[in-house]
Amino acid sequence: MIWCPRCEQGWVVACRIRGRQEQFLVCEECDTVWESGEPENTPPFVILEQYLARFGLSALWCNLERI
Ligand SMILES: [Zn+2]
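Bridge count between strand β1 (residues 2-3) and strand β2 (residues 11-17): two bridges; the pairing is antiparallel. Bridge pairing links Trp 3 to Trp 11 in β2. Counted along the chain from β2 to the antiparallel partner strand β3 (residues 23-27), the turn is five residues long, and its residue Gly 19 has a positive phi close to 85°. For β2 and strand β6 (residues 64-66), the ladder comprises three bridges, and the chain directions are antiparallel. By the bridge assignment, Arg 16 is partnered in β6 with Glu 65.

Bringing the coordination of the zinc ion into the picture now. Looking at the zinc ion, one finds its protein donor set to be Cys 4 (SG), Cys 7 (SG), Cys 27 (SG) and Cys 30 (SG), positioned 2.2 to 2.3 Å from the metal centre. Along the chain, the residues donating to the zinc ion fall in the pattern C-x2-C-x19-C-x2-C.

Keep in mind that most residues, glycine aside, have a negative phi and that most peptide bonds are trans. Geometrically, the link from Pro 43 to Pro 44 is a cis peptide bond, its omega value of 15° lying close to zero. Here Pro 44 shows up in the loop between β4 (32-34) and β5 (46-47). Even without a glycine there, the phi angle at Asp 31 is positive, about 65°.

Cut-offs applied
Residues numbered from 1 in each chain as written. Predicted model: local features only at pLDDT ≥ 70, side-chain atom pairs only at ≥ 80, totals over all residues. Heavy atoms only, no water. Pairing = 2+ DSSP bridges. Helix = DSSP H or I, 4+ residues; strand = E, 2+ residues; numbered from the N terminus. Donors = N, O, S within 2.8 Å, 3.2 Å for Na, K, Ca; no water.

Here is the structure:
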């Protein structure tokens, strides 16, 4: 796993939304989402809340499935 380059306090894990195909990386600590590429401390990234809102979901980890 990758140590988060943004908060430097958590692991970046591969996830997807339950029932969806798209895979992304997300930090367990600061909820930063990288939709493609390697985690970096510079954009493009989004926050989990914004990412899940696109699909009408609230920012709960139970909406996610670890890969
Ligand atoms: Zn983080």
